[in-house]
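A structural walkthrough
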Amino acid sequence: MVYAYANIIVTAPESLAAYKEKAGDALSKHGGRVVQATPQQTVLEGTRSETGLGAILEFETADAAKAWISDPELAEVHALRRGAGKSTVTLLA
């Protein structure tokens, strides 16, 4: 298993709501799932200027995670996430 960390600093809650409706199906298309998601993040060491809605995503392989993020059929779903605010997704593999 590999994991990805997603962080969204939300500026458009309506776009985030639309994203949440479609995100689960988009993840499962590539064998992914949300392990944990929360708006309550605490930096334990170091500094970050902002935290937002954080999520840990799980995929079977790094290739599956890369396929999810680059799937042209999911472009509209990813656009909703990006439109919700400042979005970063980091593969931990």
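Below is a summary of the structure that appears in this document. For every chain, the first residue of its written sequence is number 1, and the numbers climb from 1 along that sequence. Totals for whole chains, interfaces and linings use all residues, but because this is a predicted model, local features are given only for residues with pLDDT of at least 70 and pairs of side-chain atoms are given and counted only at 80 or more. Side-chain calculation: all heavy atoms of the structure are included, whereas hydrogens and water are not.

Two aromatic rings, drawn from Phe, Tyr or Trp (for Trp, its six-membered ring), form a pair once their centres lie within 6.5 Å of each other, and the interplanar angle then sorts them: stacked below 30 degrees, edge-to-face above 60, tilted otherwise. Tallied over the full model, the rule gives one aromatic pair. For the pair Phe59 and Trp68, a centre-to-centre distance of 5.5 Å together with 40 degrees between the ring planes defines the contact as tilted.

The subject of this paragraph is helix α2 (residues 62-70). The α-helix advances 3.6 residues per turn, and as a result positions three or four apart in sequence lie on the same side. Buried residues of α2: Ala64, Ala65 and Trp68, and no others. Viewed end-on, α2 has its buried residues packed into an arc of 100 degrees, placing them on one side of the element. For α2, the exposed residues set more than 90 degrees away from the buried face come down to Asp63 and Ser70. Residue contacts are defined here by distance: any two heavy atoms, one from each residue, within 4.5 Å place the two residues in contact. What counts as a helix is a DSSP run of H or I of at least four residues, what counts as a strand is a run of E of at least two, and both are numbered from the N terminus. Where α2 is buried, its residues meet α1 (13-29), β3 (53-59), α3 (75-83) and β4 (85-92). A simple rule labels every residue: compare its accessible area, found with a 1.4 Å probe on the protein chains alone, to the largest value its type can have, and call it buried under 20%, exposed over 50%, or partly exposed in between. Taken from the helix axis, the directions to the C-beta atoms give the arc we talk about.

This brings us to the nonpolar core. Leu16, Tyr19, Ala26, Leu27, Leu57, Phe59 and Trp68 are the most contacted members of the largest nonpolar core, which totals 19 residues. For this core, the element with the most residues is α1, which contributes five residues. When neighbours within four sequence positions are excluded, Tyr19 is seen to be in contact with Trp68, Val77, Leu80 and Arg81. Only buried residues count toward a nonpolar core. Its members are Ala, Val, Leu, Ile, Met, Phe, Trp, Tyr and Cys residues joined through side-chain atoms within 4.5 Å.

Side chains of Met1, Tyr3, Val35 and Leu92 sit close together on the surface and give an oily, nonpolar patch of about 370 Å² of accessible area. Tracing the backbone through its elements, the reader meets Val35 in strand β2 (residues 33-38). What goes into a patch is any residue over 30% in relative accessible area without a salt bridge, connected to like charges within 9 Å or, for nonpolar side chains (Val, Leu, Ile, Met, Phe, Trp, Tyr), within 5 Å. For the accessible areas, the method is Shrake-Rupley and the probe is 1.4 Å, while residue cover comes only from the protein chains on display. Salt bridge, as applied in this entry: a Lys or Arg side-chain nitrogen positioned within 4 Å of an Asp or Glu carboxyl oxygen.

We now examine α1. A helix is expected to reach a length of 1.5 Å times the quantity of its residues less one. Compared with the 24 Å implied by 1.5 Å per residue over 17 residues, the 25 Å span of α1 between its first and last C-alpha is a close match. What we call the bend at a residue is the angle made by axes fitted to the seven residues finishing there and the seven residues starting there. At Lys22, α1 is bent by approximately 40 degrees, the largest bend along its length. Looking at α1, one finds that the buried residues are Ser15, Leu16, Tyr19, Ala23, Ala26 and Leu27. Residues of α1 that are buried sit in contact with β1 (2-10), β2, β3, α2 and α3. Gly31 sits one or two residues past α1 and shows a positive phi near 75 degrees.

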